[in-house]
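# Reading the structure
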Amino acid sequence: AQKVTQAQTEISVVEKEDVTLDCVYETRDTTYYLFWYKQPPSGELVFLIRRNSFDEQNEISGRYSWNFQKSTSSFNFTITASQVVDSAVYFCALSEETSGSRLTFGEGTQLTVNP
Amino acid sequence: DVKVTQSSRYLVKRTGEKVFLECVQDMDHENMFWYRQDPGLGLRLIYFSYDVKMKEKGDIPEGYSVSREKKERFSLILESASTNQTSMYLCASSFVWPPSYTFGSGTRLTVV
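The structure reproduced in this document is the subject of the present report. Within each chain, residue numbers correspond to sequence positions counted from 1 in written order. Chain letters start at A and ligand numbers start at 1, both assigned in the order the entries are written. Restriction of local features to residues with pLDDT of at least 70 applies here, the model being predicted, together with a cutoff of 80 or more for giving and counting side-chain atom pairs; totals for whole chains, interfaces and linings are based on all residues. Heavy atoms throughout the structure, all of them, feed into the side-chain values; hydrogens and water do not.

## Focus on the state of the cysteines
- For the purposes of this analysis, a disulfide is any pair of cysteine sulfur atoms at a distance within 2.5 Å. What the rule picks out here adds up to two disulfides over all chains.
- One disulfide bridge connects Cys23 of chain A with Cys92 of chain A, the sulfur atoms lying 2.0 Å from each other. A torsion of -65° about the S-S bond marks the disulfide between Cys23 of chain A and Cys92 of chain A as left-handed. Taken together, the residues span a long stretch of sequence, with Cys23 of chain A in the loop between strand E3 (19–21) and strand E4 (24–26) and Cys92 of chain A in strand E10 (residues 88–96) at a distance of 69 residues.
- Relative accessible area decides the class of each residue, using a 1.4 Å probe on protein chains only: under 20% of the type maximum gives buried, over 50% gives exposed, and in between gives partly exposed. The class of Cys92 of chain A is buried, set by a relative accessible area of 0%.
- Paired by a disulfide, Cys23 of chain B and Cys91 of chain B hold their sulfur atoms 1.9 Å apart. Where Cys23 of chain B bonds to Cys91 of chain B through sulfur, the torsion about that S-S bond is close to -80°, and the disulfide is left-handed. Placement of Cys23 of chain B in strand E3 (residues 19–25) and of Cys91 of chain B in strand E9 (residues 87–94) is noted, with a sequence separation of 68 residues between them. Secondary structure elements follow DSSP: runs of H or I of four or more residues count as helices, runs of E of two or more count as strands, with numbering from the N terminus.

## Points about the packing of aromatic side chains
- Whether two aromatic rings pair depends on their centres lying within 6.5 Å, for rings of Phe, Tyr and Trp, where Trp uses its six-membered ring; planes under 30 degrees apart make the pair stacked, over 60 edge-to-face, and the rest tilted. By the definition in use, this model includes 23 aromatic pairs over all chains.
- Ring geometry for Tyr25 of chain A and Tyr32 of chain A: centres 5.3 Å apart, planes at 55°, overall tilted.
- Here Tyr25 of chain A falls in the buried class, since its relative accessible area comes to 3%.
- Between Phe35 of chain A and Tyr101 of chain B, the aromatic rings sit 5.4 Å apart at their centres with planes inclined by 70°, giving edge-to-face as the arrangement. One end of the pair, Phe35 of chain A, is in strand E5 (residues 32–39); the other, Tyr101 of chain B, is in the loop between E9 and strand E10 (102–103), on a second chain.
- With a relative accessible area of 1%, Phe35 of chain A lands in the buried category.

## So, the sheet that holds strand E8 (residues 73–78) of chain B
Residues and elements named next belong to chain B.
- DSSP-based pairing: two strands are paired if at least 2 bridges between them are found. Across the sheet, which stays open at both edges, the four strands sit in the order E1-E3-E8-E7 with antiparallel pairing between neighbours. Of all strands in the sheet, those bounded by a partner on one side alone are strand E1 (4–6) and strand E7 (64–70). Put simply, the sheet's adjacent strands are angled 20° from each other on average, direction ignored.
- The pairing of E7 with E8 spans five bridges and is classified as antiparallel. Under this scheme, a helix contributes an axis fitted over its contacting stretch, all axes are lines through C-alpha atoms, and angles between N-to-C directions fall in the 0 to 180 degree range.

## With respect to the pattern of salt bridges
- Here a salt bridge means any side-chain nitrogen of Lys or Arg lying within 4 Å of a carboxyl oxygen belonging to Asp or Glu. Across all of its chains, the model carries ten salt bridges over all chains by this definition.
- When salt bridges that share partners are traced, they join Arg51, Asp55 and Glu59 of chain A into one network.

## Examining unusual backbone geometry
- Residue Trp97 of chain B is joined to Pro98 of chain B through a cis peptide bond whose omega torsion reads -5°.
- Of note, the phi angle at Lys16 of chain A is positive, near 85°, even though the residue is not glycine.
- With a relative accessible area of 66%, Lys16 of chain A lands in the exposed category.
- In the Ramachandran plot, Lys53 of chain B falls in the positive-phi region, its phi being about 65° despite a non-glycine side chain.
- On the secondary structure map, Lys53 of chain B appears in the loop between strand E5 (42–51) and strand E6 (54–57).

## A word on the interface of chain B and chain A
- Throughout, a contact is declared for two residues whenever any of their heavy atoms are within 4.5 Å. Contacts between the two partners involve 24 residues from chain B and, on the opposite side, 22 residues from chain A.
- Here chain B meets chain A over a buried area of about 1800 Å², counting both sides, of which 56% is carbon and sulfur.
- At the surface where chain B touches chain A, the tally comes to one salt bridge.
- A salt bridge links Asp59 of chain B to Arg102 of chain A; the nearest nitrogen and oxygen atoms lie 2.9 Å apart.
- For the side of chain B that touches chain A, the secondary structure elements donating two or more residues are strand E4 (31–38) and E5 of chain B.
- When residues are grouped by polarity, Ala, Val, Leu, Ile, Met, Phe, Trp, Tyr, Cys and Pro land in nonpolar, Asp, Glu, Lys and Arg in charged, and all others, Gly among them, in polar. Of the residues in the side of chain B that touches chain A, the class split is 14 nonpolar, seven polar and three charged. Reported buried area values correspond to the accessible surface (1.4 Å probe) lost by two parts on association, with both partners' losses combined.

## Overview of the pairing of E6 of chain B
- Bridge analysis of E5 of chain B against E6 of chain B gives three bridges, and the strand direction is antiparallel. Bridge pairing in E6 of chain B places Asp51 of chain B opposite Met54 of chain B.

## A look at the nonpolar core
- Side-chain atoms within 4.5 Å link the members of a nonpolar core, which is a set of buried Ala, Val, Leu, Ile, Met, Phe, Trp, Tyr and Cys residues. Judged by nonpolar contacts, the single largest core of 24 residues is most densely connected at Trp36, Trp66, Phe77, Tyr90 and Leu111 of chain A.
- Mapped onto this core, the elements with two or more residues apiece are strand E2 (10–14), E3, E5, strand E6 (46–52), strand E8 (64–69), strand E9 (74–79), E10 and strand E12 (109–114) of chain A.
- Setting aside its immediate chain neighbours within four residues, Trp66 of chain A contacts Trp36, Leu48, Ile49, Asn58, Glu59, Ser61, Phe75, Asn76 and Phe77 of chain A.
- Membership of the second largest hydrophobic core comes to 21 residues, among which are Ile46, Tyr64, Phe74 and Val111 of chain B.

Here's what the structure looks like:
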């Protein structure tokens, strides 16, 4: 059964600090996808990244970077030089090929960036 | 612009009422999903559908049913609403594989 754990319930930082959001997953599949979503106070889910299980290259997009490590079943997300607009709930999620593409979410991490 | 549309942004219903939440997608996606979001619990899957008239239970199906008579429309039904069903409900759709999800804006349901 697929499972995603985001152990950090809330994180509070001061603007310009770097912050890493942790995500650990469990799956028996060899083929799967991992996702990160941002949910600002407006409530809509904003897609950030999709990574498949065969691509362990780290990815950087502006101030955002992702570290995928299959050896530790982790897919961590780092925001460099955080800004107030980064304040949101962030979700990590997993979709296994054998589960009919159902998406399993972690509990979410509330990130607050203070000025 | 492709989208998933949920019929209501906010809804207030009374205990015992039958409630319909509607979701429509225009992307010809095979799969559609209903999630419930509660603080500290993330998004939990209620039901999903991989084809017209087909449905599968998710993690928390109790108290809910669904209907998918057409490919583009997936309805969530609360047969007899209860206060513990007060929550944010999110609909999503996706191609089968590789998955690429589009989410609706959500319906915040309050049962009084």
